[in-house]
Amino acid sequence: SKQAKFAYKDEYEKFKLYLTIILILISFTCRFLLNSRVTDAAFNFLLVWYYCTLTIRESILINNGSRIKGWWVFHHYVSTFLSGVMLTWPDGLMYQKFRNQFLSFSMYQSFVQFLQYYYQSGCLYRLRALGERHTMDLTVEGFQSWMWRGLTFLLPFLFFGHFWQLFNALTLFNLARDPQCKEWQVSRGPWRGWMGGQAQVQPSPYSSGRCLCAAFPSSSSSSAISSPP
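Heads up: these notes are all about the structure in this document. (Residues numbered from 1 in each chain as written. Predicted model: local features only at pLDDT ≥ 70, side-chain atom pairs only at ≥ 80, totals over all residues. Heavy atoms only, no water.)

Overview of the packing of aromatic side chains
For the structure shown, the criterion picks out 14 aromatic pairs. Ring geometry for Tyr-50 against Tyr-51: centres 5.1 Å apart, planes inclined by 55°, an arrangement best described as tilted. Here the two residues Tyr-50 and Tyr-51 agree in accessibility, since each one is buried. Clustering of aromatic rings is evident, with ring pairs tying together Phe-43, Trp-89, Tyr-95, Phe-98 and Phe-102. One Lys or Arg, Arg-37, reaches over the ring of Tyr-95 and ends 4.4 Å from the middle of that ring. (Phe/Tyr/Trp six-rings, centres within 6.5 Å; stacked < 30°, edge-to-face > 60°. Buried < 20%, exposed > 50% of the residue type's maximum accessible area, 1.4 Å probe, protein only. Lys NZ or Arg CZ within 6 Å of the ring centre and 35° of its normal.)

Right, here's the structure in full:
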């Protein structure tokens, strides 16, 4: 029934709100009060569970008539995967270099999501009352066309968050280029390529001056990889 569908949508909205508040508190605790890989893992596991649950609930909401864009659901699949990468990232020098930046970003992101929920829900309520929005429309962690009415103040927060994400990407790129980086979560690995049937030698950041030699014979589709003693 329509009432049951609307109740499920309302429950979805409350789920996002409650988890957003919990994520703010846990990320603050990990950032300023506790410096433990165990608590960090618990936080990242919560992120994995949160995004997994969102994708499942959004699939149900789409079947119920909510107009959720495909890219939005895909974005949550990507978030699930990246949270899993953070969960499996072992404690070490590279992790510690990125840890505080990631937790600070998580706090800010959750804060912006809280602002978005609070103001979008009010805006959607008014628009639905005027008959200008569908009853199954949802709040989102982004900016859509209907938000131009009274919600443009969110744009600076969103733009700052996007630039922070770019800064995170640049930080991870620099960490991947660090000779001490060994974790697969950020490492780039040695490049190997085709050199006209000859072996191409590239220095490996993992072997303290040793190198990997990738031989690609022009008469064979197989490759031999060896490491000098």
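Some words on the side chain of Thr-20
By the secondary structure assignment, Thr-20 is in helix H1 (residues 2-33). Residue class for Thr-20 comes out buried when judged on its relative accessible area of 3%. At 2.6 Å, the side chain of Thr-20 forms a polar contact with the backbone oxygen of Lys-16. Beyond its immediate stretch of four places on either side in the chain, Thr-20 contacts Tyr-50, Ser-110, Gln-113 and Phe-114. (Helix = DSSP H or I, 4+ residues; strand = E, 2+ residues; numbered from the N terminus. Polar contact = N/O pair within 3.5 Å; in protein donor to acceptor, adjacent residues only side chain to side chain. Contact = heavy atoms within 4.5 Å.)

Details of the packing of helix H2 (residues 37-64) against helix H3 (residues 70-88)
Following both chains from N to C, one finds H2 and H3 inclined at 160°, their axes separated by 9 Å at the closest point. Compared by their axis directions, H2 and H3 come out roughly antiparallel. Two packed elements cross with a definite hand, and for H2 against H3 that hand is left-handed. Residue-level contacts link Arg-37, Ala-41, Asn-44, Phe-45, Leu-47, Val-48, Tyr-51, Cys-52, Leu-54, Thr-55, Glu-58 and Ile-62 of H2 to Trp-72, Val-73, His-76, Tyr-77, Ser-79, Thr-80, Ser-83, Gly-84, Met-86, Leu-87 and Thr-88 of H3. Residues that form the contact of H2 with H3 fall into these classes: 13 nonpolar, eight polar and two charged. (Axes fitted to C-alpha atoms, helices over the stretch in contact; angles between N-to-C directions. Parallel < 35°, antiparallel > 145°, perpendicular 65-115°, else oblique. Left-handed = near helix turned anticlockwise from the far one by under 90°. Nonpolar A, V, L, I, M, F, W, Y, C, P; charged D, E, K, R; others polar.)

Observations regarding the packing of H1 against H2
At their nearest, the axes of H1 and H2 sit 11 Å apart, and the two run at 165° to each other. Compared by their axis directions, H1 and H2 come out roughly antiparallel. As H1 runs across H2, the sense of the crossing is left-handed. A per-class count over the contact of H1 with H2 returns 16 nonpolar, five polar and seven charged.

A short note on the nonpolar core
Side chains of a nonpolar character, in soluble globular proteins, are inclined to be buried together. Membership of the largest hydrophobic core comes to 25 residues, with the highest contact counts inside it found for Phe-43, Tyr-50, Trp-89 and Phe-102. Counting residues per element, the ones that place at least two in this core are H1, H2, H3 and helix H4 (93-129). Of the residues forming this core, the biggest block, seven residues, is contributed by H2. Non-local contacts of Trp-89, meaning those with residues more than four positions away in its chain, are made with Arg-37, Met-94, Tyr-95, Phe-98, Leu-172, Leu-175, Glu-183, Gln-185 and Val-186. Of all hydrophobic cores here, the second largest spans five residues; its members include Phe-105, Tyr-108, Val-112 and Leu-158. (Core = buried A, V, L, I, M, F, W, Y, C linked by side-chain atoms within 4.5 Å.)

A look at the environment of Leu-61
Along the chain, the position of Leu-61 falls in helix H2. According to the relative accessible area criterion, Leu-61 is buried, its value standing at 0%. Taking the C-alpha atoms as reference points, Leu-61 and Lys-5, separated by 56 residues in sequence, lie 7.8 Å from one another.

Looking at H1
Its 32 residues give H1 an end-to-end C-alpha distance of 46 Å, which sits within 8% of 46 Å, the value for a rise of 1.5 Å per residue. Residues Lys-9, Tyr-12, Glu-13, Phe-15, Lys-16, Leu-17, Leu-19, Thr-20, Leu-23, Ser-27 and Cys-30 constitute the buried set of H1. (Expected span 1.5 Å × (residues − 1).)

Considerations on a nonpolar patch on the surface
Together, Ile-21, Leu-25, Phe-111, Phe-114, Tyr-118, Tyr-119, Phe-153 and Phe-157 make up an exposed nonpolar region whose accessible area comes to about 730 Å². For the nonpolar patch, the secondary-structure elements that each account for two or more residues are H1 and H4. (Patch = residues over 30% accessible without salt bridge, like charges linked within 9 Å, V, L, I, M, F, W, Y side chains within 5 Å. Areas by Shrake-Rupley, 256 points an atom, 1.4 Å probe, with all protein chains shown as cover. Salt bridge = Lys/Arg side-chain N within 4 Å of Asp/Glu carboxyl O.)

Considerations on the pattern of salt bridges
Where charged atoms of side chains with opposite charge meet at close range, the side chains can pair. Applying the stated criterion across every chain, the model contains four salt bridges. Linking Arg-57 and Glu-11 is a salt bridge whose minimum nitrogen-to-oxygen distance equals 3.9 Å. Within this pair, whereas Arg-57 is found in helix H2, its partner Glu-11 is found in helix H1, the two being separated by 46 residues in sequence. Judged by relative accessible area, Arg-57 falls into the buried class, the value being 17%. Assessed through its relative accessible area of 41%, Glu-11 is described here as partly exposed. Among the ionic pairs, Lys-97 bridges to Asp-178, the shortest N-O distance being 3.3 Å. Of this pair, Lys-97 sits in helix H4 while Asp-178 is found in the loop between helix H5 (155-176) and strand E1 (200-203), placing the two residues 81 residues apart along the sequence.

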